[in-house]
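Report on the structure
Each chain, letter by letter, is given below.
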Amino acid sequence: MLKPVLVEIGGFTIYSYGLMLSLALLVASLGLLRQATREGFNPDHVLEAVIVASVFGLIGARLLYVFLNWELYQGQWIKILFTRSGGLSFYGAFLGGLIALFVWCRFRKLSFLKLSDLMAPYLALGYALGRVGCFLNGCCYGVVSSVPWALPAFEGDRFLRHPVQLYACLGGLVIFIILYRIRPKRPFEGFQLIMLMLLYGCLRFITEFFREEPQVWLGLTLAQIFSLGLALVSLLLLLIVFMVKDYNKNRVNSR
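Residues numbered from 1 in each chain as written. Predicted model: local features only at pLDDT ≥ 70, side-chain atom pairs only at ≥ 80, totals over all residues. Heavy atoms only, no water.

**Structural notes on unusual backbone geometry**
Across residues other than glycine, the phi torsion is negative in most instances, and most of the peptide bonds are trans. Look at Lys109: it is not a glycine, yet its phi comes out positive at around 60°. Inspection of the secondary structure puts Lys109 in the loop between helix H3 (90-108) and helix H4 (112-137). The residue Cys140 is not glycine, and still its phi comes out positive at about 55°. Structurally, the position occupied by Cys140 is in the loop between H4 and helix H5 (164-182). (Helix = DSSP H or I, 4+ residues; strand = E, 2+ residues; numbered from the N terminus.)

**What to know about the layout of surface pockets**
In this model, the second largest pocket occupies a volume close to 190 Å³. Surrounding the second largest pocket, Leu64, Tyr91, Gly92, Phe94, Leu95, Phe226 and Leu230 form its lining. Every element with two or more residues in the lining of the second largest pocket is listed here: H3 and helix H7 (222-253). Here the residues of the lining of the second largest pocket are counted per class, giving six nonpolar, one polar and no charged. (1 Å grid on protein atoms, 1.4 Å probe; cavity = no way out; pocket = protein on both sides within 12 Å on 5 of 7 lines; lining within 4 Å. Points joined across faces, edges and corners; volume = space filled by probe spheres on them. Nonpolar A, V, L, I, M, F, W, Y, C, P; charged D, E, K, R; others polar.)

**Some points on H3**
A rise of 1.5 Å per residue sets the reference length of H3, with its 19 residues, at 27 Å; its end C-alpha atoms lie 26 Å apart and thus fit the reference within 8%. All of the buried residues along H3 are Phe90, Tyr91, Gly92, Phe94, Gly96, Gly97, Ala100, Leu101, Trp104 and Cys105. (Expected span 1.5 Å × (residues − 1). Buried < 20%, exposed > 50% of the residue type's maximum accessible area, 1.4 Å probe, protein only.)

**Some thoughts on the environment of Gln35**
Topologically, Gln35 is positioned in helix H1 (residues 16-38). Spatially, the C-alpha atoms of Gln35 and Leu118 are 7.9 Å apart, while their sequence positions differ by 83 residues. If near-sequence neighbours (up to four positions away) are discounted, Gln35 is found in contact with Leu118, Tyr122 and Tyr180. (Contact = heavy atoms within 4.5 Å.)

**So, H5**
Taking 1.5 Å per residue as the helical rise, H5 with its 19 residues ought to reach 27 Å, and the 27 Å between its terminal C-alpha atoms agrees with that figure. Of all the positions in H5, only Val164, Gln165, Ala168, Cys169, Gly171, Gly172, Ile175, Phe176 and Leu179 are classed as buried. Summarising the axial view, the buried residues of H5 lie within an arc of 165°, below the 170-degree limit, and thus occupy one face. Residues Leu170 and Arg181 are exposed on H5 and point more than 90 degrees away from its buried face. Here the buried face of H5 lies against H4 and helix H6 (191-207). (Arc of directions from axis to C-beta.)

**Section: the packing of aromatic side chains**
In total, this model carries 14 aromatic pairs according to the counting rule given. Relative to Phe209, the ring of Phe205 lies with its centre 5.4 Å away and its plane at 90°, an arrangement referred to as edge-to-face. Given the relative accessible area of 49%, Phe209 is considered partly exposed. In textbook terms, an aromatic cluster arises when at least three aromatic residues are bridged by ring pairs, as seen for Phe90, Tyr91, Phe94, Tyr127, Tyr200 and Phe226. (Phe/Tyr/Trp six-rings, centres within 6.5 Å; stacked < 30°, edge-to-face > 60°.)

**What to know about the nonpolar core**
Membership of the largest hydrophobic core comes to 40 residues, with the highest contact counts inside it found for Leu101, Leu115 and Met119. Those elements that provide at least two residues to this core are H1, helix H2 (43-68), H3, H4, H5, H6 and H7. Sort the elements by how many residues they give to this core and H6 lands first, with ten residues. In this structure Leu115 touches Phe41, Val46, Ala49, Leu101, Trp104 and Cys105, once residues within four positions along its chain are discounted. Listed in part, the six residues of the second largest apolar core include Tyr17, Ala61, Leu88 and Cys140. (Core = buried A, V, L, I, M, F, W, Y, C linked by side-chain atoms within 4.5 Å.)

**Thoughts on the environment of Ala223**
Along the chain, Ala223 falls in helix H7. Between the alpha carbons of Ala223 and Phe12 there is a distance of 35 Å; along the sequence they are 211 residues apart. Excluding its chain neighbours within four sequence positions, the residues that come into contact with Ala223 are Tyr91, Arg204 and Glu208.

**What to know about the pairing of strand E1 (residues 5-9)**
Where E1 lies against strand E2 (residues 12-15), four bridges are found, and the strand directions are antiparallel. The residue of E2 that forms the bridge with Glu8 is Thr13. Counting the residues between successive antiparallel strands, the hairpin from E1 to E2 contains two residues, one of them, Gly10, with a positive phi of roughly 65°. (Pairing = 2+ DSSP bridges.)

None of the figures reported here should be taken as evidence of function without further support.
Here it is as structure tokens:
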């Protein structure tokens with residue numbers, strides 16, 4: 001069930017969290033490259049994009065986590081470098097990877113929106129697998145609960161809790177399926193990226209109710225505030241794009 005360390009032989013240790021993150025990257029990358037080949041993308045460019053987004057996503061994930069938990073690292077700078085058992089923020093990963101992808105696309109003279117649309121479903125898939133790593137590691141755990149499927153979050157935990165990491169995993173898989181199925185019918189470039197932001201914002205807002213996190217404003221956690229803002233911005237972007245498209249269509253028809 002909960003197994004932060006999978007293998008330990010001498011001084012060699014494999015952590016479930018790191019293994020699941022690696023597996024998430026591998027599975028998502030293989031699926032992405034396969035889809036890229038089907039749709040005429042240059043596989044070399046896509047692989048470069050994955051590497052760039054992954055590296056800067058990891059940096060962003062760590063920096064945001066450290067920023068939000070600064071009290072844990074004051075005077076212990078070396079701890080910032082170690083992430084083998086957790087300590088990453090998905091929002092930091094998303095922001096860091098997205099900015100790096102945008103800059104890389106400008107450098108390569110590629111369409112950022114086309115490439116982000118291609119990658120969006122597989123980011124959701126990787127997120128789902130990564131949350132399994134959180135579950136095995138015992139981090140990002142849920143609130144105390146009496147539901148039949150409640151589990152202790154970590155070794156020595158005296159309480160049964162919502163396995164919120166698995167809720168997030170299931171939600172990530174649902175988002176992946178939705179984005180994968182609607183991709184052929186997307187109405188404009190960038191639609192997949194906006195839908196990913198909207199669906200993830202809604203998912204994270206909901207799952208945070210079951211997660212053990214401090215409430216900071218109106219009974220909401222900091223992640224819920226971010227998620228609500230992300231969902232609202234995504235809806236606003238969709239509204240603006242569709243209004244502009246409708247305006248341009250009416251303008252053409254009126255000529």
